[in-house]
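# Observations on the three-dimensional arrangement
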Amino acid sequence: MIQLKKADGLLALIRNGQPLTLGQQLRLTVQLSIPAVIAQLSSIVMQYIDAAMVGSLGAEASASIGLVSTTTWLFSGVCAAASTAFSVQVAHRIGAGDMHSARALLRQALTATSVFSLLLAIVGMAVSPVLPVWLGGDASIHSDATLYFFIFSLFLPALQINFLSGGMLRCSGNMHVPSLLGVVMCALDVLFNFFLIFPSRELVCAGFSFTMPGAGLGVAGAALGTAAAEMVVAGVLLWYLWTRSNELKQSGERGGFRPKAVTLRNALRIGLPMGIEHMVICGAQIVTTVIVAPLGVFAIAANSFAITAESLCYMPGYGIAEAATTLVGQSIGAGRWRLTRSFGRITVFMGMGVMGVMGVLMYLFAPQIIGLMTPVEEIRELGVMALRIEAFAEPMFAASIVAYGVFVGAADTLVPCLMNLFSIWAVRLSLAALLAPTLGLKGVWIAMCVELCFRGMIFLVRLMREKWLKKV
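To start, this report covers the structure provided alongside it. Since we're looking at a predicted model, the values are computed, not measured. Starting afresh in each chain, residues are numbered from 1 along the sequence in its written order. The predicted origin of the model limits local features to residues at a pLDDT of at least 70 and limits the giving and counting of side-chain atom pairs to 80 or more, whereas totals for whole chains, interfaces and linings rest on all residues. Derived side-chain values reflect all non-hydrogen atoms in the structure, with water molecules and hydrogen atoms excluded from consideration.

Turning our attention to the overall build of the chain. Helix and strand definitions here come from DSSP, where helices need a minimum of 4 consecutive H or I residues and strands a minimum of 2 consecutive E residues; each element is numbered from the N-terminal end. Regarding its fold elements, the chain presents 17 helices and two strands. On C-alpha atoms alone, the chain measures out to a radius of gyration of 22 Å, which is about the 23 Å that the 2.2 N^0.38 rule sets for 472 residues. Dimensions of the chain, computed from the C-alpha atoms along their principal axes, are close to 60 × 50 × 45 Å. The buried label applies to any residue whose accessible area, calculated with a 1.4 Å probe on protein chains only, is under 20% of its type's maximum; exposed applies above 50%, and partly exposed to all values in between. Counting across all 472 residues of the chain, residues that qualify as buried make up 57%. When charges are counted, Lys and Arg are positive and Asp and Glu negative, with His and the chain ends excluded. A charge is said to be at NZ when it belongs to Lys, at CZ for Arg, at CG for Asp and at CD for Glu. Distance between charge centroids for the chain: 18 Å, based on 30 positive and 22 negative side chains. Both definitions apply: the radius of gyration is a C-alpha atom measure, and the globule rule equals 2.2 Å times residues to the power 0.38.

Of note in this structure, alanine 411 is not a glycine but carries a positive phi near 60 degrees. Among the structural elements, alanine 411 can be located in the loop between helix 15 (394–409) and helix 16 (414–439). Alanine 411 gets classed as buried once you look at its relative accessible area, which sits at 11%. For glutamate 466, which is not glycine, the phi dihedral falls at a positive 65 degrees. As for its position among the elements, glutamate 466 is in the segment after helix 17 (441–465). Residue glutamate 466 is classed as buried on the basis of its relative accessible area of 16%.

Here the focus is the nonpolar core. Ranked by internal contacts, the top residues of the largest apolar core, which has 102 residues, are Leu156, Val348, Leu387, Val406, Trp445 and Trp468. Top element by residues in this core is helix 11 (residues 297–333). It accounts for 16 residues. What we call a nonpolar core is a set of buried Ala, Val, Leu, Ile, Met, Phe, Trp, Tyr and Cys residues that are connected through their side-chain atoms within 4.5 Å. In this structure, Phe86, Met168, Leu169 and Tyr240 belong to the second largest nonpolar core, which totals 24 residues.

Moving on, we come to the packing of aromatic side chains. Planes of paired rings set the category: under 30 degrees apart is stacked, over 60 is edge-to-face and the rest tilted, where pairs are Phe, Tyr or Trp rings (Trp by its six-membered ring) whose centres lie within 6.5 Å. Using the criterion set out here, one finds twelve aromatic pairs in the structure. Ring geometry for tyrosine 314 and tyrosine 318: centres 5.7 Å apart, planes at 65 degrees, overall edge-to-face. Of the two residues, tyrosine 314 and tyrosine 318 both sit in helix 11, four residues apart, roughly one turn of that helix. With relative accessibility at 12%, the residue tyrosine 314 sits in the buried group. A residue is classified by how much of its surface remains accessible, and tyrosine 318, at 33% relative accessible area, is partly exposed. Look at phenylalanine 422 and phenylalanine 454: their rings are 6.3 Å apart centre to centre, the planes differ by 55 degrees, and that puts the pair in the tilted class. With a gap of 32 residues between them, phenylalanine 422 in helix 16 and phenylalanine 454 in helix 17 connect regions that are remote in the sequence.

Before going further, it helps to examine the environment of threonine 113. Along the chain, threonine 113 falls in helix 4 (residues 99–127). Residues threonine 113 and histidine 100 lie 13 residues apart in sequence; the distance between their C-alpha atoms is 20 Å. Working rule for contacts: check all heavy atoms of both residues, and any pair within 4.5 Å makes them a contact. Other than its neighbours up to four places away in sequence, threonine 113 contacts Ala82, Ser83, Phe86, Gln160 and Leu164. Here a polar contact means two N or O atoms within 3.5 Å. Within protein one must be a hydrogen donor candidate and the other an acceptor candidate, and residues neighboring in sequence count only if both atoms are side-chain atoms. Within the local environment of threonine 113, its side chain forms a polar contact with the backbone oxygen of leucine 110, the two atoms lying 3.5 Å apart.

Before going further, it helps to spend a moment on the pattern of salt bridges. Any Lys or Arg side-chain nitrogen located within 4 Å of an Asp or Glu carboxyl oxygen qualifies as a salt bridge. The full count for this structure, using the stated rule, is six salt bridges. For arginine 170, the salt bridge identified is with glutamate 322, shortest N-O distance 3.1 Å. Taken as a pair, arginine 170 in helix 7 (residues 156–171) and glutamate 322 in helix 11 lie far apart in primary sequence, 152 residues in all. By relative accessible area, arginine 170 is classed as buried at 16%. Arginine 341 is paired through a salt bridge with glutamate 466; the nearest N and O atoms lie 2.8 Å apart. Placement of arginine 341 in helix 12 (residues 337–364) and of glutamate 466 in the segment after helix 17 is noted, with a sequence separation of 125 residues between them.

Patch membership is restricted to residues that have no salt bridge and whose relative accessible area is over 30%. Joining uses 9 Å for like charges and 5 Å for the nonpolar side chains Val, Leu, Ile, Met, Phe, Trp and Tyr. In this description, accessible areas are obtained by the Shrake-Rupley approach with a 1.4 Å probe, and a residue is regarded as covered only by the protein chains that are shown. A contiguous nonpolar surface patch, about 690 Å² in accessible area, is contributed by Val357, Val360, Leu361, Tyr363, Leu364, Phe365 and Phe392. You can see valine 360 is positioned in helix 12. Valine 360 gets classed as partly exposed once you look at its relative accessible area, which sits at 49%.

Coordinates in, geometry out; function isn't part of it.
Okay, structure coming up:
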């Protein structure tokens, strides 16, 4: 709580137009980044736990989740884009000191995103029976893959509220509550999965034998456990935002929940490029899955595990990017252009440093990381190979992640969206399609490494040229 008050004090200096020294800027960046990084890591640890628990059931169970994982990221990413479209507007209002407008925007955002996520859930449930066929998965994993994606889609409204409430708190400068609840969600996921995935079994502890109850739902249990954890945390986040947030609480506020035309137009301007980007990027990931699928069940599972494991490395970058969005958004709302530029560069280079270190650790401990997720030796060997290739791209990957967060804070999303699309479709997929027939999964991950380095370079060029500042 002391750290939260310190961050609030420095954020108040931004809104009040008072100068910040370089040391204060660095301190504020760190204070906001650390809890955001913890929240991101908690999310990935939750995926890691799911993968490890399901992995213990065998290669087919792992492959069934791996097959639809890119599509779940597609739907999750679109929900995140919808939330960001409104939370960036709120950050600008808070930076300008207009709390009444910020609170009105929150009410409108809740209505708009709830309707959006409900429609998305209906689409997801409708396509779940045919999705594994579209993705080219083996017939042996179709049933589990369908069931997993159906359950995921059913609970998308809860995920949307989670994203919206957490995003609003972060854009107000409160990183600690979403971070803490991210850890809680991870713990709940472990607890729910423990009882839902595995059947009732005899356990021995300190010489005593007892029966541990379990539902024995397997892959479906993993989906239900995650959904239940998300629902609990979404409810707590929304309650805190509504009643306790200093900037956004609704007590004493009057006004409707119907979104205004200008709010929706601004949301479309910010969020539509992000949503399209998520769809096309995840479409590219789905194409990658189609490229990997003919390589066999082991390759599908190893690809999925390696992506999940790599997330432990790059999620700190996303945490720093969230801090960058808050700092840049509030600085722009306050009209502090020099400070905006400074925060942009500080956050990007901090992200590159952190992820560079994480890349070294990922290379060194790749066997242990993958080994915790699966007992299957063939999957382990492929997963370790993939992680060690990707480790070399982490600093430049960080540049693209955090710079994108800077641009989002400036409400400049169209050009970065196009940059991401070109990089992934023109560089990654073309190389993957070229290399996979001869090098197998190794070729797919070499293509990914080359593309991430290219993407980081073009994002750094755009950051330094500062055209994103002219979009505001």
